[in-house]
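# Breakdown of the fold
Given next are the chains, with one letter for each unit.
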Amino acid sequence: MKLINLKWHQLILSLGCLLLIIACKNFYPTTNPDAKLLKVATDPTFIPFEIQRASGNLEGFDIDLMNAIAKVAGFAVQFESLPFDGMISTLQAKRVDAAISGITITAERLKTIAFSRPYFKAGLAIAVREDNQNIKDFNSLKGKKIAVQIGSTGADFAKTIPNAKISTFNSGPEFFQDLLNGNVDAVVSDAFATLYAIKNGKLQGIRVVADLLTEEYYGIATPKDSSHLDAINKGIATLLSNGTYKQIYQKWFNVDPPQLPDS
Ligand code: ARG
């Protein structure tokens, strides 16, 4: 009888321990050793898509989106800051699993890396100093001094402007400073980032000229044969259908997102 009692005791104790372990696992989901860690590159000089705060913390539309994708896809993210210009070659060399950095999906880039389905509708715009009345459109850029970001779609576009004198810079803050200093006549870069910086007082003395020059879509970039692309695409689809994408878009842009193509 004593022996049986003891066994019951032991059984209850082990059951209790088991329940405690399960409870702890649910309470601390990050301790899940099976969660795959994805190294994701970003160039955090692109307000409001990726910004590095003084504390070192990364914030922005892309950061929120990538974290939300990871949550639904069941992987963990480790961001790595990289200059925009080195992003494509770093992906090609598979030194990171993915990159999110307002990267426009282009036919040229698709030759060497892969992209997720489009996650943001974007486009290029001309920015000038507020007092400049001469530059109104593409035609008025002919023969002018233009600043662009190295390796960007803005840089590719600037090459199509007849007789333009192009200066290249590593990051947004640098080419806008050159414009403010009067060294160049215009900047060709991503409209949303520029408009956001103007609206939020981060860029003073600069305005965006009328219409968008291009229609572009941002995608999450991966090496060509990435095994993560499928999970990333499914993650984006989930966020689009469950309202999370809309929430993140509204948080950063205060408006409803436009319709996105499926691929
Ligand atoms: N959308 C442009 C491109 O793909 C520029 C993106 C710049 N992004 C950045 N994080 N600096 O070329």
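Since we're looking at a predicted model, the values are computed, not measured. The residue numbers shown here count from 1 along each chain, following its written sequence. Given that this is a predicted model, residues contribute local features only at a pLDDT of at least 70 and side-chain atom pairs are listed and counted only at 80 or more, while totals for whole chains, interfaces and linings are drawn from all residues. Excluding hydrogens and water, the side-chain figures rest on all heavy atoms present in the structure.

## So, the sheet that holds strand β3 (residues 50-52)
Across the sheet, which stays open at both edges, the 3 strands sit in the order β2-β3-β4 with antiparallel pairing between neighbours. In this open sheet, the two edge strands, each paired with only one partner strand, are β2 (45-46) and β4 (58-59). Pairing between two strands is assigned when DSSP locates at least 2 bridges connecting them. The helix and strand labels rest on DSSP assignments: H or I over at least four residues marks a helix, E over at least two residues marks a strand, and numbering proceeds from the N terminus. Where β2 and β3 come together, 2 bridges link them in antiparallel fashion. Pairing of Thr-45 across the sheet is with Ile-51, part of β3.

## Side note on the site of the ligand
Nearness of a residue to a molecule or strand requires only that one of the residue's heavy atoms be within 4 Å of it. With respect to spatial proximity, 14 residues lie near the ligand, and among them Asp-43, Gly-102, Arg-109, Thr-153 and Asp-190 are the closest. Side-chain atoms alone can form a polar contact between residues adjacent in sequence; in general such a contact is a pair of N or O atoms within 3.5 Å, and within protein one must be able to donate a hydrogen while the other accepts it. Within the side chain of Arg-109, a nitrogen or oxygen atom sits 2.8 Å from an oxygen atom of the ligand. Here the ligand loses 99% of its free accessible area of 340 Å² to cover by the protein chains. A pocket here means an open set of points on a 1 Å grid, computed over the protein atoms alone, that has protein on both sides within 12 Å along at least five of seven lines. A cavity is instead a set of points where a 1.4 Å probe fits but cannot get out; residues with an atom within 4 Å of a point line either one. Here the criterion for a molecule occupying a pocket or cavity is that more than half of its atoms lie within 2 Å of the pocket grid points. A majority-of-atoms criterion places the ligand in the largest pocket. For the accessible areas, the method is Shrake-Rupley and the probe is 1.4 Å, while residue cover comes only from the protein chains on display.

## Side note on the sheet that holds strand β11 (residues 165-169)
Strand order in the open sheet formed by 5 strands is β11-β10-β12-β9-β13, with mixed pairing between adjacent strands. Sheet topology places β11 and β13 (206-209) at the edges, where each strand pairs with a single neighbour. Pairwise comparison of adjacent strand axes, ignoring direction, gives a mean angle of 30° for this sheet. In this structure, strand β10 (residues 145-149) lies alongside strand β12 (residues 186-190), joined through 2 bridges in parallel fashion. Directly across from Ala-147, in β12, lies its bridge partner Val-187. Only heavy atoms enter the contact rule, under which two residues are in contact if any of them lie within 4.5 Å. What counts as an axis is a line fitted to C-alpha atoms, over the stretch in contact for a helix, and the angles between N-to-C directions run from 0 to 180 degrees. Helix-sheet contacts for helix α6 (residues 172-180) involve β9 (124-129), β10, β11, β12 and β13, and the interaxial angle to β12 is about 155°.

## Let's talk about the pattern of salt bridges
The working definition used for a salt bridge is a side-chain nitrogen of Lys or Arg within 4 Å of a carboxyl oxygen of Asp or Glu. This model, assessed by the stated rule, comprises 8 salt bridges. The residue Arg-53 makes a salt bridge to Glu-59 at a minimum N-O spacing of 2.9 Å. A salt bridge links Asp-156 to Lys-159; the nearest nitrogen and oxygen atoms lie 3.6 Å apart. A 1.4 Å probe rolled over the protein chains alone gives each residue an accessible area, and that area as a share of the maximum for its type sets the label: buried under 20%, exposed over 50%, partly exposed in between. Residue Asp-156 is classed as partly exposed on the basis of its relative accessible area of 42%.

## Observations concerning the domain arrangement of the protein chain
Domain annotation for the protein chain reports domain 1 (37-122 + 217-253) and domain 2 (124-209). The C-alpha centroid of domain 2 is placed 25 Å from the C-alpha centroid of domain 1. Taken residue by residue, the interface counts 19 residues in domain 1 and 13 residues in domain 2. Note on definitions: buried area is the accessible-area loss of two parts on being combined, 1.4 Å probe, summed for both. Summing both partners gives a buried area of about 1,300 Å² for domain 1 against domain 2, and 62% of it is carried by carbon and sulfur. Summed over the shared surface of domain 1 and domain 2, the result is 0 salt bridges. Inspection of the domain 1/domain 2 interface yields 2 residue pairs in polar contact (both at pLDDT 80 or more). Mapped onto the side of domain 1 that touches domain 2, the elements with two or more residues apiece are β2, β8 (120-122) and α9 (244-253). In this count, Pro and Cys sit with the nonpolar residues alongside Ala, Val, Leu, Ile, Met, Phe, Trp and Tyr, while Asp, Glu, Lys and Arg are called charged and the others, Gly among them, polar. Its residues placed into classes, the side of domain 1 that touches domain 2 shows 11 nonpolar, 4 polar and 4 charged. Reported domain spans reflect what an automatic or database domain assignment gives.

## Concerning the packing of aromatic side chains
The aromatic pairing rule takes the rings of Phe, Tyr and Trp, using the six-membered ring of Trp, and pairs them if the centres are within 6.5 Å, calling planes under 30 degrees apart stacked, those over 60 edge-to-face and the rest tilted. This structure, assessed with the given rule, holds 22 aromatic pairs. Taking the centre distance of 5.3 Å and the plane angle of 70° together, the rings of Phe-61 and Phe-120 count as edge-to-face. Of this pair, Phe-61 sits in helix α2 (residues 61-73) while Phe-120 sits in strand β8, and the two are 59 residues apart along the sequence. A network of ring pairs unites the aromatic residues Phe-46, Phe-49, Phe-61, Tyr-119, Phe-120, Phe-192, Tyr-196, Tyr-218, Tyr-245, Tyr-249 and Phe-253 as a single cluster.

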